[in-house]
Every structure is written in structure tokens, then in C-alpha cells.
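Architecture and fold: a report
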Amino acid sequence: MLDAAVHAALASAVGEDNIVSDPVGLRSYECDGLTGFRQVPGLVVLPLDTAGVAAAARVCHQHGVPFVARGAGTGLSGGALPVADGVVISLQRLRRVLEVDPVDRRAVLQPGVTNLDITKAAAPFGLYYAPDPSSQQVCTIGGNVAENSGGAHCLKYGFTTNHVLELTVVLPDGEVVTLGGDTAEQLGPDLRGVFIGSEGTLGIACEITVRLLRVPQTVRTLLADFPSVTEAGEVVSDIVAAGIVPAAVEMMDNLAIQAAEQAVGAGYTLETPAALVVELDGPAAECGEQFEQVKAICERHGCTRLHIAGDAAERAKIWKGRKAAFAAVGRISPDYIVQDGVVPRTRLAEVLGRIEDMGRAAGLRVANVFHAGDGNLHPLVLFDESAGELDRAEQLSKEIAELCVELGGSLSGEHGIGTDKACSMPTMFSRDDLATMDRVRSAFDPAGLCNPGKLLPTPRLCGEAPGRYRPHPLEEAGVIERL
């Protein structure tokens, strides 16, 4: 339980009406989208503005209390998991679009604005915000910054870091600073780039300036069925090899297709082993020519059905199925874990075969729905906790993430490391790599109060032997100093 003095100081900082302290209310903050990890916080504060966030962080810093920033709580890696006897700083009341500048194509946002609401605010000017996570209706731009989120269209347009220009950040000691500037080209170290994707460990973003894109002249979308995931994977490789950069290439296997079709009736073929959603956009002439090339590639690899969206409504229907797939899996399994990893595109068929074998060995089903264009997998491990399958499911999920590293990929594409995969970080990074990351983190947060226990492995968390600090020769010579 938090000390009464801390409660009183936070009440003075943000107002008692903006504090949650009753046990029932606190329990609703005990986890994010990764429900396998739970911890009831000591207190939740809901500031109304940047000054309130800074005041809350300052109180935590002065009293040595750990704190965790939280947006919509849709994260899937336990990145917003509270700390026992710590404070959750909720950003749900900072949800205003502060400015849309159609001339310079920028928008200034508070962190609680949902991803989709950015595009809604920009739409009257013929503009939109490109990163589009599947949860874009509910996930917030603050969380997108923390995780460097992507989405279906990041293959062509990049991740959050490619679209954020400037950040107003509350540092762990409560100081307010600005990172970045009016343009993507900036002088000096790219601290904006360091902050984006740091999973809330370096501070709290309270104002975010993003760039907006003009709505493309033409958008063409097709849904193609294939006799196996191998043929579908070969189509993806051939599209890219042909020099075509689609706006999106998404793949779903049969389990994911069945779940999505049952949920939203998107017109998918229930019996097909695999399906691709391919979308091209751009100038009409270029888009039309490349679309014909994509159709030919699909047919060359044994496409069994090719459905082309005839209008915006049909296109939205196809995407509704794809974006509903994660939640729809709940219709075919009482419990599931959404994993996130990346492999080289050329190894898609191999990794999917290995995942199938691993699932069979574990006695669990695995559905696959993912961003095939950039090799970003989202295996969904299906299990029944009431049947005692949780431990096997978590082990299988962990092994799938580490398999991605073994095949030359990454532990995460867009969901982050969080609590879930911190202990797997040594499979991807050396001891020196991790020590360097920890020193960068310590430069922002020497006391280690800001979202502790996430991202980097710790001896307490993972049972590993603590590393020994070795001073650099230049540090010993007094030429440089430790951060």
C-alpha cells in the first residue's frame, strides 16, 4: 500500500477527484491486453493536462515511487503492467486533437487521441495518418509512440517513427522537454528517435506532432485464396521481386479465416488453406498497371479464387475481416495469446511450417494472421486455461518468438517487448548491447522509476546472472564520463 503522504501529495498535484484508490477501481488497471500478467497498482492518477502529468511524475520522483504510464491499455506485451505499490498515470483524459494544419500537413495531438480519430480529424482536408494498427479504433497515439506501432500499411509507409516530428515529453523527474522539431531532419542526436519505441521507460509523451499524408488518388484491393501458405508466401516474394511496393500485403491461414468469417462475414472462403489481402495505391495509371502484374503473379502460383473489391464498401468489408481477426479468434478458442515476431520475407514458408510442428508437439492449435509484406508474424496460440493449458501456451508462444530470432529476424515487429519478452532479449542482443541500452535508459531515468521491469531483462525478473560493469579505457583515462 502506498504511503499516505504520497497519496496526499498526488492529490495536491492532480486533485483528489482525479485519483482512483478504491480496490474495485484499481483492479480495472491490473493488466493491459496481455491478461496473463496482472498486478494491482497502489494508486491511479488521471491528470487533465501536461502540467498535471509533470506534477504527478515529480511527486513519484521525490518519494521514490515507481510509475507506469497507460493509454487505452490495448498493448499486447505487458508494457503497461503496473508495479506493486506503484502509481499508474493514466492519459485517458488527454484526448484532444489540438491542431490540424492542412498547409504543412501536420497535426498536434494529446496522447489519449485514438489512432483512427487522427485520420477522422484530417479527412476533411483530404489527408490521413498512415500507421494503422488493427486496434486503431481504440489504441491511442501515446501508446503507438511507446511501441513504435505499425499496421497493415507500414510496408509502404513505415512505422510511427517515420511519422512523428515532435514530442513534448515529461521526463521521469517531472521536467518537461521537447524532442524533435518541425521537420524530420534535425541537428544533433536524434533523441526523438531514441524515445519512440522505448515502451514508456524514458518518460511520458504528452503532446505529439505527426505528419499527415494526402489521400492517394487510387486504391485497388484484392482477396486471393491459395492451396497452401507456401504458395501464398511465394506470391509475396514475387511481388516484391517484381519491384512492386504494395500499400499492404496481409496473409491469413485457415484457422484465422474461419474465425474472422464467423465474426464479421467478410466474404472469405472457409475452406481455403490460406488467403492474401493485397492493396495498391497511388496514381491511377501506375496503380492499374501494377495491379495487373499482381493478379498475374497470384494466378501463376495456383490462386483458387481472386476477388477484386469493386468499390470502397467492398474494400472496407475485406479489411473488416482482416482487422477483426485477433478478436474473432475468441470464437474458436476460450483463450489465446497474440505473439509478435519478424522473419526475413524469404523464410515465411519455413517459419510457418516450423510453427505448425511446434504447435503439434505442444498439443495446441496456432492461427496465423500477419503482415506478410514485411515478414511481421502474429501467431495466435489457442488454449484453454480451465483445462490447465496456460503454461504450455506461454512456453510455445515464447519459443515461437525466439524461433524468429533463430531464423534471422526479430523478437518484435510492433507490439514491443514489455514484460512478456524481456527475458528473451539475450537471444537477440549481446550482454554489451543490453548494457548499452541500460545506460541510455539510465541517462533519462537514473532512479529507475519509470516503467521498471519492462523491455530489458533483470536478474530479478529472469533469474540470469547479473552482469559486471567494466569501465571503458577512455572512461578510466578521464576522457569520457559514465552517463
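Structure's up top.
Quick look at the structure, then. (Residues numbered from 1 in each chain as written. Predicted model: local features only at pLDDT ≥ 70, side-chain atom pairs only at ≥ 80, totals over all residues. Heavy atoms only, no water.)

1. A word on the environment of A84
In this structure, A84 sits in the loop between β3 (67-70) and β4 (87-90). Separated by 54 residues in the primary sequence, A84 and E30 place their C-alpha atoms 9.7 Å from one another. (Helix = DSSP H or I, 4+ residues; strand = E, 2+ residues; numbered from the N terminus.)

2. Some remarks on the sheet that holds strand β10 (residues 204-211)
The 5 strands are arranged β5-β6-β10-β8-β9 in an open sheet whose pairing can be described as antiparallel. Pairing within the sheet leaves two strands with one partner each, and these edge strands are β5 (97-101) and β9 (176-180). Along the sheet, successive strands turn relative to each other by an average axial angle of 15 degrees, direction set aside. Contacts from helix α3 (residues 50-63) reach β8 (164-170), β9 and β10 within the one sheet, and its direction differs from that of β8 by about 50 degrees. (Pairing = 2+ DSSP bridges. Axes fitted to C-alpha atoms, helices over the stretch in contact; angles between N-to-C directions. Contact = heavy atoms within 4.5 Å.)

3. A look at the sheet that holds strand β1 (residues 19-20)
Strand order across the open sheet formed by 4 strands is β1-β2-β4-β3, with mixed pairing between neighbours. The sheet terminates laterally at β1 and β3, the two strands that pair on one side only. Pairing geometry for β1 and strand β2 (residues 43-45), over 2 bridges, is antiparallel. The residue of β2 that forms the bridge with I19 is V45. Across the face of the sheet, α3 comes into contact with β2, β3 and β4 while running at roughly 170 degrees to β4.

4. Focus on the pattern of salt bridges
Across all of its chains, the model carries 19 salt bridges by this definition. As a salt-bridge pair, D281 and K156 come within 2.7 Å of each other at their nearest N and O atoms. Taken together, the residues span a long stretch of sequence, with D281 in strand β14 (residues 274-282) and K156 in helix α6 (residues 154-157) at a distance of 125 residues. Residue D281 is classed as buried on the basis of its relative accessible area, which comes to 8%. Judged by relative accessible area, K156 falls into the partly exposed class, the value being 30%. For R354, the salt bridge goes to E406, with nearest N and O atoms at 3.1 Å. On the criterion of sequence distance, the pair formed by R354 in helix α13 (residues 348-362) and E406 in helix α14 (residues 390-406) is long-range, its members being 52 residues apart. (Salt bridge = Lys/Arg side-chain N within 4 Å of Asp/Glu carboxyl O. Buried < 20%, exposed > 50% of the residue type's maximum accessible area, 1.4 Å probe, protein only.)

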